[in-house]
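Listed below are the residues making up each chain.
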Amino acid sequence: MVITDLSPPEERPAALGRLGFCFGVGIIFGSLLGGTLSTTCGIQCPPLVGLTANLLGAILSFIFIPANTKGASADTQAAPPGGPKASVFDLKAITRLLLLPGVLPIFLIKVISGFPSGLFQIMFSIIAMDFFQLEAAQTGYLMSYFGVLQMVIQGLVIGRLSNHFSEGALLQASVLAFAVTGLAMALMSNVFHFCLVVPGLVFSLCTLNVVTDSMLTKAVSASDTGTMLGLCASVQPLTRTMGPTLGSLLYHSFGVAVFGHLQAAVNLLVLLALWRKPVPEKRDKLQ
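Residues numbered from 1 in each chain as written. Predicted model: local features only at pLDDT ≥ 70, side-chain atom pairs only at ≥ 80, totals over all residues. Heavy atoms only, no water.

S.K.: Would you mind going over the overall build of the protein with me for this structure?
M.R.: Across its full length, the protein carries 12 helices and zero strands. Each helix (α) and strand (β) of the protein, taken in turn from the N terminus, gives the series α-α-α-α-α-α-α-α-α-α-α-α. In the protein, which comprises 287 residues, the share counted as buried stands at 41%. Taking the contacts inside the protein whose residues are at least 6 apart along the sequence as the reference set, 83% of them involve residues at least 24 apart. Within the structure as shown, the protein displays about 15400 Å² of accessible surface, and the carbon and sulfur contribution to it stands at 70%. (Helix = DSSP H or I, 4+ residues; strand = E, 2+ residues; numbered from the N terminus. Buried < 20%, exposed > 50% of the residue type's maximum accessible area, 1.4 Å probe, protein only. Contact = heavy atoms within 4.5 Å. Areas by Shrake-Rupley, 256 points an atom, 1.4 Å probe, with all protein chains shown as cover.)

S.K.: Explanation requested: the pattern of salt bridges in the structure shown.
M.R.: Side-chain pairs of opposite charge can arise where the charged atoms are in close proximity. The final tally for this structure, using the stated rule, is two salt bridges. Where Lys110 meets Asp213, a salt bridge forms, and the shortest distance between an N and an O atom there is 3.0 Å. With a gap of 103 residues between them, Lys110 in helix H5 (residues 103–122) and Asp213 in helix H9 (residues 191–218) connect regions that are remote in the sequence. In this pair, the class of Lys110 matches that of Asp213, namely buried. Residues Lys218 and Glu167 are paired through a salt bridge, measuring 2.9 Å at the closest nitrogen-oxygen approach. Separated by 51 residues along the polypeptide, Lys218 in helix H9 and Glu167 in helix H8 (residues 167–187) bring together distant segments of the chain. For the pair Lys218 and Glu167, one class covers both residues: buried. (Salt bridge = Lys/Arg side-chain N within 4 Å of Asp/Glu carboxyl O.)

S.K.: Looking at this structure, I do not really get the environment of Phe131. What am I missing?
M.R.: In this structure, Phe131 sits in the loop between helix H6 (124–130) and helix H7 (136–164). C-alpha separation for the pair Phe131 and Gly255, spaced 124 residues apart in sequence, amounts to 8.9 Å. Leave out the neighbours within four places in its chain, and Phe131 touches Ile126, Met188, Ser189, Tyr251 and Val256.

As structure tokens, then:
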């Protein structure tokens, strides 16, 4: 929310991409540092180092983050007069946000387009052992490869693409990449094939998440960006709630290729809908 408040609308995709890059760096180097510290200094050392880092982060946030980020950007606007302010438990206000012009189609694209790949990610640990015949260490190396690609794409690729292409074009590109990688997933037969598919899959995931988050926060007032980002973040828990049951049923009934077929079919339909009715873009906050 702070990133969306402090970044101008035209720079928001790049800023959200750099935020994802920082998370990737923390996950990769944090895991490496935690394992090293627990081996050399004992299991109590990583929590103490984590506590120290969190305290340092809290101090830095108090020093450098403005007390009121809503007024920090010249592009931010106040909420509509008389309109209810959205909160976590206010379903009426949340419904109002989703029914704002251009919000519901983008949110549905975010949910529907990313759902098949979410199923595959939930089932990946089982697929790695059962289909790819990987050991735990090899699965860890593969996940590190996944994480490095995510870090590079979010930190270096998306920001540059957003300077040359519109968000609508990037959204269509992510959906198209989802469809193509889905077809490739349906045809893969070993872990080498999967390694070739992963860059396209990571590009699709990162671009879809960054672009839709950016478009949705631009479509609502400044006071509602936190609620909208909360709704965006709820997509992943929703997938993780429904995913294990549905994913295991599909995998045991049709095999690993079903995730590729499902991803390709769903995203081809989404791409057709986007082609027939492009999503309108907003450069400024809702007046």
